[in-house]
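Report on the structure
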Amino acid sequence: MLGTAKQPRRERKLEHFYRKAKELKLRSRAAFKLKQLDNRYNMLRRGDVVVDLGAAPGGWLQVAREKVGREGAVLGVDLQPIAKLPHENVKTLVADITDPSVPDLIRQNLPRQADVVLSDASPKISGVWSVDHIRSIDLARAALAIAERVLTPGGKLLVKVFQGELFEKIVGEARERFELVKVSKPLASRKGSAEVYVIAKGFKTTQKSS
Ligand SMILES: C[S@@+](CC[C@H](N)C(=O)[O-])C[C@H]1O[C@@H](n2cnc3c(N)ncnc32)[C@H](O)[C@@H]1O
C-alpha cells in the first residue's frame, strides 16, 4: 500500500514539470533540470558561449539562450536534427559526439572558445543497468574530451552520467581537468533513475585547445 501511495506523488511531480514545460513552450521537461542546476550552481551567464551536447529536441538550448541573451551564442549538437529556434545566435549540428572529428567541427562553429559545455546526452536505454551505465560513461567521456578542446581556461562543464561502477572514475577524470567538481541530482529528475549530473568549474588548461 505504501508503495502505491508513493508512486502517484512522484508521477505527479513529473506530470507537473511536463505541464509547466508545455505552458512555457519549452521543448522538454528536461529544461527544468537545467534551470534547477543553473539556479543552484550558476552555470550560465549573459554573453556566454555555450555548447550543448545531446541537445535534441532543444529544451536546454531554450534555457541556455534565455540566460546568455543576444550577446552570447549557443551551439547544440545531436544525432537527431533539431527544429530551428527563432534566434540568430542559436545554431545546431547533426553529429555523433563520440566521433573524433566532432571537436574540430564544433570549434569551427563557435565565435570563440566556449565558456560552458553542457551534456544531457543519453544512450538509448536497453533496460540493462550495466550496459546503459557503460554507454553513458562513453558519452560523458566524449563530453569531457570535447570540453578539453573547446573550453576557455576557467570554463565550466555540466554532464549527465548514469551511476554505476565507473562513476567515481569519470568524476576523477573531471577532477584532473577542473578546479571544482560536484555531483547533483535535480528535482526534475526521476527519483529512481540512475542519472546524476557532474558539475565541473575552473577548467585548468588550454594545452589541448590549439
Ligand atoms: C535526454 S535527450 C536530451 C534532451 C535535451 N537536453 C532537451 O532538453 O531537449 C538525450 C539526447 O542525447 C542524444 N544522443 C545520444 N547519443 C548521442 C551521440 N553519440 N551524439 C550526439 N547526441 C547523442 C539523443 O539523440 C537525445 O536527443
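Here, the structure is the one placed above.
Throughout what follows, the structure given in this document is the object of discussion. (Residues numbered from 1 in each chain as written. Predicted model: local features only at pLDDT ≥ 70, side-chain atom pairs only at ≥ 80, totals over all residues. Heavy atoms only, no water.)

Things to note about the overall build of the protein
The cut-off we apply is this: Helix and strand assignments follow DSSP, with helices taken as H or I runs no shorter than four residues and strands as E runs no shorter than two, numbered in order from the N terminus. Radius of gyration means the value over C-alpha atoms here, while the globule rule gives 2.2 Å times the residue count to the 0.38 power. Think of it in three bands: residues with accessible area under 20% of the maximum for their type are buried, residues over 50% are exposed, and the middle band is partly exposed, with areas taken using a 1.4 Å probe on protein chains only. Contact between two residues is taken to exist if any of their heavy atoms lie within 4.5 Å; hydrogens are not considered.
Within the protein one finds six helices and seven strands. Listing each helix as α and each strand as β along the protein from the N terminus yields α-α-β-α-β-β-α-β-α-β-α-β-β. Over its C-alpha atoms the protein spans a radius of gyration of 17 Å, differing by no more than 12% from the 17 Å that the globule rule assigns to 210 residues. Its C-alpha atoms give the protein principal-axis dimensions of roughly 60 × 40 × 30 Å. Expressed as a percentage of its 210 residues, the buried residues of the protein come to 50%. Long-range pairs, those at least 24 residues apart, make up 67% of the contacts in the protein between residues at least 6 apart in sequence.

Some remarks on the site of the ligand
Defined as follows: What makes a residue near a molecule or strand is one non-hydrogen atom of that residue sitting within 4 Å of it. We define a polar contact as two N or O atoms separated by no more than 3.5 Å, with the added condition that, inside protein, one atom must be a possible hydrogen donor and the other a possible acceptor, whereas residues neighbouring each other in sequence contribute only through side-chain atom pairs. Here, Shrake-Rupley sampling with a 1.4 Å probe gives the accessible areas, and only protein chains in the shown set may cover a residue. Any residue outside Ala, Val, Leu, Ile, Met, Phe, Trp, Tyr, Cys, Pro, Asp, Glu, Lys and Arg is labelled polar, Gly included; the first ten of those are nonpolar and the last four are charged.
For the ligand, the set of nearby residues contains 20 residues, the closest of which are Ser-28, Gly-59, Asp-78, Asp-96 and Asp-120. Within the side chain of Asp-96, one N or O atom sits 2.8 Å away from a nitrogen atom of the ligand. In this structure, a nitrogen atom belonging to the ligand sits 2.8 Å away from a side-chain N or O atom of Asp-120. Alone, the ligand offers 610 Å² of accessible surface; in the complex the protein occludes 85% of this. Of the residues that constitute the shell around the ligand, the class distribution is ten nonpolar, six polar and four charged.

Considering the sheet that holds strand S1 (residues 49–53)
Threshold: The pairing criterion is simple: DSSP has to find at least two bridges between the two strands. Only C-alpha atoms enter the line fits that serve as axes; for helices the fit covers just the stretch in contact. Angles between N-to-C directions range over 0 to 180 degrees.
Pairing is mixed across the open sheet formed by seven strands, whose spatial order is S3-S2-S1-S4-S5-S7-S6. The sheet is open, and its two borders are formed by strand S3 (90–94) and strand S6 (178–184), each paired with just one other strand. Each strand of the sheet is rotated relative to its neighbour by a mean of 15°, with strand direction disregarded. Bridge count for strand S2 (residues 73–78) against S3 is five bridges, and the pairing is parallel. Directly across from Val-77, in S3, lies its bridge partner Leu-93. Along the sheet face, helix H2 (residues 31–41) touches strand S4 (114–119), strand S5 (151–162), S6 and strand S7 (195–203) and points at about 40° away from the line of S7. Contacts from helix H6 (residues 167–177) reach S5, S6 and S7, with the element oriented near 150° to S6.

A closer look at helix H3 (residues 59–68)
Most of H3 sits inside the fold, with eight of its ten residues counted as buried. Within H3, burial applies to Gly-59, Trp-60, Leu-61, Gln-62, Val-63, Ala-64, Arg-65 and Val-68. A positive phi of about 70° marks Gly-69, the residue just after H3.

Details of the side chain of Arg-65
Along the chain, Arg-65 turns up in helix H3. Aside from chain neighbours lying at most four places away, what touches Arg-65 is Arg-70, Val-74, His-87, Asn-89 and Val-90.

Some points on the packing of H2 against H3
Working note: a packed helix pair is described by the angle between its axes plus the distance between those axes. The test is simple: When an angle is under 35 degrees it counts as roughly parallel; over 145 it counts as roughly antiparallel; between 65 and 115 it counts as roughly perpendicular; any other value is oblique. By definition, any crossing whose near helix is turned counterclockwise from its far helix by less than a right angle is left-handed, and any crossing with a clockwise turn is right-handed.
Look at H2 against H3: their axes get within 7 Å of each other, and the N-to-C directions meet at 40°. Taken together, the axes of H2 and H3 are oblique relative to one another. Crossing angle aside, the handedness with which H2 passes H3 is right-handed. In this structure, H2 contributes Ala-31, Leu-34, Lys-35 and Asp-38 to the contact, and H3 contributes Gly-59, Trp-60, Val-63, Ala-64, Glu-66 and Lys-67. Residue classes in the contact of H2 with H3 are distributed as five nonpolar, one polar and four charged.

Considerations on H2
Among the residues making up H2, those that are buried are Ala-31, Phe-32, Lys-33, Leu-34, Leu-37, Asp-38 and Tyr-41. Positive backbone phi, at 50°, marks Asn-42, one or two positions downstream of H2.

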